[in-house]
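# Observations on the three-dimensional arrangement
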Amino acid sequence: DLGAMPLRTREAEFRLGYARREMEDEERGGKVLRQALAERKAYAARAFDAARLSLERLVDDAAKRGATLLLSIAVSPWQAPTPREAHLLLQEFAGAPLELVYAPARRSLLAELGLAGPVERWGDLAAATRLVELGDRVGLELDLPVGSGELEFMLPREIPSTAAFLVGGPVHAKFREVLRGRKRATELQEAAAAAEAKRVAAESSDAIG
């Protein structure tokens, strides 16, 4: 992500409320999250301008080096960019070497907290994906090996078949967990390639007809 946001509301209070499952509107975690969201909203314009300025310099340097910058979506008000900000940045830098890291675990947490935004926006974000970060999650922990948490997902069809896959997990992950993640990545890549081939064949058929 693009760094921490200087909010007065303490993230530690939110994490404590979440751990205690106190996330309803009038409960501890819910109140803290609402306060943080209100504060983050007031800071949104400045945060976006700062992100855009930082990326302008980085994108120019990446273009000179023949590299591509990858943008990760934040999962809380204390981070940047939000899904909306990431969408706007990708539009702002259209044609520049800036693409997205799509992480199912991050999207799952955003959805749970009510921060994911419109489904339609995620179609655009998926289409801009260069790297799929495969991991699992339990609560706020997002770096578990695939299959060792509570996450169930299918990748959006908009993700390009050329997207690379990164199998995530902590440094102490067991070898069999890494192999399981690699197998899942291969399955998803093959499914994406098959879907792309089917789409191309359908378009060719339509053109001939």
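On a predicted model such as this, the values are computed, not experimentally measured, just so you know.

### Examining the pairing of strand E5 (residues 141–144)
- Sheet topology note: the strand E4 (residues 136–138)/E5 ladder contains 2 bridges and is antiparallel. For Asp136, the partnering residue across the bridge sits in E5 and is Leu144.
- The turn joining E4 and E5, which pair antiparallel and follow one another in sequence, is formed by 2 residues; a positive phi near 65° is taken by Gly139.

### Some remarks on the side chain of Asp136
- Secondary-structure assignment places Asp136 in strand E4.
- With no salt bridge to any partner, buried Asp136 finds its closest opposite charge in Arg180, at an N-O distance of 6.9 Å.
- Here Leu151 takes part through its backbone nitrogen, which lies 3.0 Å from a polar atom of the side chain of Asp136.
- Sequence-distant contacts of Asp136, that is, excluding residues within four places in its chain, are made with Ala105, Glu141, Leu142, Asp143, Leu144, Pro145, Val146, Gly147, Ser148, Gly149, Glu150 and Leu151.

### Observations regarding the environment of Ala163
- Mapped onto the secondary structure, Ala163 falls in the loop between E5 and strand E6 (164–167).
- Classification of Ala163 as buried rests on a relative accessible area of 3%.
- When near neighbours in sequence (up to four residues on either side) are disregarded, Ala163 contacts Thr129, Arg130, Val132 and Gln189.

Thresholds, definitions, all that
- Residues numbered from 1 in each chain as written.
- Predicted model: local features only at pLDDT ≥ 70, side-chain atom pairs only at ≥ 80, totals over all residues.
- Heavy atoms only, no water.
- Pairing = 2+ DSSP bridges.
- Helix = DSSP H or I, 4+ residues; strand = E, 2+ residues; numbered from the N terminus.
- Buried < 20%, exposed > 50% of the residue type's maximum accessible area, 1.4 Å probe, protein only.
- Lys, Arg positive; Asp, Glu negative; His and termini not counted.
- Salt bridge = Lys/Arg side-chain N within 4 Å of Asp/Glu carboxyl O.
- Polar contact = N/O pair within 3.5 Å; in protein donor to acceptor, adjacent residues only side chain to side chain.
- Contact = heavy atoms within 4.5 Å.

In short, the description is geometric, and any link to function would need to be established separately.
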